[in-house]
Amino acid sequence: MLEIHNLTVYYGRHPALQSVSLALRPGEIAAVIGPNGAGKSTLVKAISGAVPVRAGRLTLDGRPLESLSGPERARRIAVVPQGGHLPPAFTVEQTVLLGRTPYLGWLGRAGPGDLEAVETALAETGLTGLRERVVSELSGGEHQRVLLARALAARAPILLLDEPAAHLDLAHQAAIFRQVTRLSSEKDLAVLMVMHDLNQAAAYADRILLLAAGEIRADGTPEEVLTRVNLADAYGVNVQIVPHPLRKIPLVLLE
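Below: a short report on this structure. (Residues numbered from 1 in each chain as written. Predicted model: local features only at pLDDT ≥ 70, side-chain atom pairs only at ≥ 80, totals over all residues. Heavy atoms only, no water.)

Counting its secondary structure elements, the chain contains 9 helices and 12 strands. Compactness check: the chain gives a C-alpha radius of gyration of 18 Å against a globular reference of 18 Å for 255 residues, within 12% of the reference. Once the C-alpha set of the chain is aligned to its principal axes, its extents read approximately 55 × 40 × 35 Å. Counting over 255 residues, the chain shows a buried share of 49%. Both charge centroids of the chain, one from 25 positive and one from 26 negative side chains, sit 4 Å from each other. (Helix = DSSP H or I, 4+ residues; strand = E, 2+ residues; numbered from the N terminus. Rg over C-alpha atoms; globule rule 2.2 N^0.38 Å. Buried < 20%, exposed > 50% of the residue type's maximum accessible area, 1.4 Å probe, protein only. Lys, Arg positive; Asp, Glu negative; His and termini not counted. Charge placed at Lys NZ, Arg CZ, Asp CG, Glu CD.)

Dropping the structure here:
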């Protein structure tokens, strides 16, 4: 289990996160929502070690994250970054194989287990037919799917996704979220997703964390978090919350 206690992150003199605490359990999908500048991406970067932490404690199964080596941390936490860079001259298959880097020895040679993990990740993201394509030739949506496949190839128990549906059309958005949901259930993955679409968060997340001004304003089920009061406080807009016509989840409508 990933546990965060009183996490505080600064950019220069400006606080990006203030005293954030949460626990992420195996098999759980948590969506992080909030307005621009709320600290959503900073939370992902702090957990992955991409930004320094001013204060607080982050532990994984009771072990401080800072005590883990870089490769060990990468074996435990896989990240799909927002607008992540991919090597333009690599093929899709070569790029997805980079997700196995934390497991490779000094010679950097991939073994049968690494290749099998890559095959599975390609299949899970619908990229098997594009394996020989060069990354520079991909569309924005294909680029995003390669980022996800690279993370899945790591087979880490914790998956962090920063706006995973960015640049994807509706069909591929649904496919990505269904895949993440299935993997979380079947492989007991703990998933933390930064999302802008509140209705997608309600549809695919077990739990929602609402961030505003670097603080958690609400944490609970979609029904508990997606309320008129909470969303007006965080976003400064008035909304209507109505029952979804097909599912037992709230549906957020702008007034």
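Further remarks concern the pattern of salt bridges. Here the structure, examined in full by the defined rule, presents 16 salt bridges. For Arg 131, the salt bridge identified is with Glu 119, shortest N-O distance 2.4 Å. One end of the pair, Arg 131, is in the loop between helix 4 (112-124) and helix 5 (140-153); the other, Glu 119, is in helix 4, with 12 residues separating them in the sequence. Arg 228 is paired through a salt bridge with Glu 255; the nearest N and O atoms lie 2.7 Å apart. Of the two residues, Arg 228 sits in helix 9 (residues 228-235) while Glu 255 sits in the segment after strand 12 (250-254), which places them 27 residues apart along the sequence. A residue is classified by how much of its surface remains accessible, and Glu 255, at 54% relative accessible area, is exposed. Salt bridges linked by common partners bring Glu 124, Arg 182, Glu 186 and Lys 187 together as one network. (Salt bridge = Lys/Arg side-chain N within 4 Å of Asp/Glu carboxyl O.)

Of note, Glu 163 is a non-glycine position whose phi angle comes to about 55°, a positive value. Despite not being glycine, Ala 213 has its phi angle at roughly 55°, a positive value. Along the chain, the position of Ala 213 falls in the loop between strand 9 (207-212) and strand 10 (215-220).

Another point: the layout of surface pockets. Its boundaries defined by the atoms lining it, the largest pocket holds a volume of some 270 Å³. Lining the largest pocket we find 15 residues, and of these Ser 48, Ala 74, Ile 77, Ala 78 and Val 79 sit closest to its centre. Partitioning the lining of the largest pocket into residue classes produces 10 nonpolar, 3 polar and 2 charged. Within this model, the second largest pocket holds a volume of roughly 200 Å³. If you go around the second largest pocket, you meet 13 residues; those closest to its centre are Asn 199, Gln 200, Ala 203, Tyr 204 and His 244. Among the elements of the structure, helix 6 (170-187), helix 7 (198-204) and strand 12 are those that each provide at least two residues to the lining of the second largest pocket. In the lining of the second largest pocket, the residues fall into 8 nonpolar, 4 polar and 1 charged. (1 Å grid on protein atoms, 1.4 Å probe; cavity = no way out; pocket = protein on both sides within 12 Å on 5 of 7 lines; lining within 4 Å. Points joined across faces, edges and corners; volume = space filled by probe spheres on them. Nonpolar A, V, L, I, M, F, W, Y, C, P; charged D, E, K, R; others polar.)

Turning to the sheet that holds strand 5 (residues 63-64), a few remarks are in order. In spatial order, the strands read 2-1-4-5; together these 4 strands make up an open sheet with antiparallel pairing. Among the strands making up the open sheet, the edge pair consists of strand 2 (14-24) and strand 5. Strand direction decides the pairing type here: strand 1 (residues 2-11) and strand 4 (residues 55-60), joined by 5 bridges, are antiparallel. If you follow Leu 2 over to strand 4, its bridge partner there is Leu 60. Contacting strand 1, strand 2 and strand 4, helix 1 (residues 40-48) crosses the sheet at an angle of about 115° to strand 1. (Pairing = 2+ DSSP bridges. Contact = heavy atoms within 4.5 Å. Axes fitted to C-alpha atoms, helices over the stretch in contact; angles between N-to-C directions.)

Burial in helix 9 covers these residues: Asn 230, Leu 231 and Ala 234. Along the long axis of helix 9, the arc covered by the buried residues comes to 90°, so they all point the same way. The inward-facing, buried residues of helix 9 abut helix 7, strand 9, strand 10, helix 8 (222-225), strand 11 (239-243) and strand 12. (Arc of directions from axis to C-beta.)

Counted residue by residue, strand 3 (residues 29-33) has 5 buried out of 5 residues, so it is predominantly covered. Because side chains alternate across strand 3, one face comprises the buried residues Ile 29, Ala 31 and Ile 33, and the other comprises Ala 30 and Val 32, equally buried. Pairing of strand 3 with strand 8 (residues 190-194), which is carried by 4 bridges, proceeds in the parallel orientation. Following the sheet pairing, Ala 31 is matched in strand 8 by Met 193. Relative to strand 9, strand 3 runs parallel, the two being bridged by 4 bridges. Opposite Ile 33, over in strand 9, you have Leu 210 as the bridge partner.

Moving on: the packing of helix 4 against helix 5. Where helix 4 meets helix 5, the closest approach of the two axes is 8 Å, and the angle between their N-to-C directions is 145°. Where helix 4 crosses over helix 5, the handedness of that crossing is right-handed. Across the interface between the two elements, Ala 117, Ala 121 and Glu 124 from helix 4 touch Ala 149, Leu 152 and Ala 153 from helix 5. For the contact of helix 4 with helix 5, the class distribution of residues is 5 nonpolar, no polar and 1 charged. (Left-handed = near helix turned anticlockwise from the far one by under 90°.)

No statement about biological role is implied by the geometric values presented.
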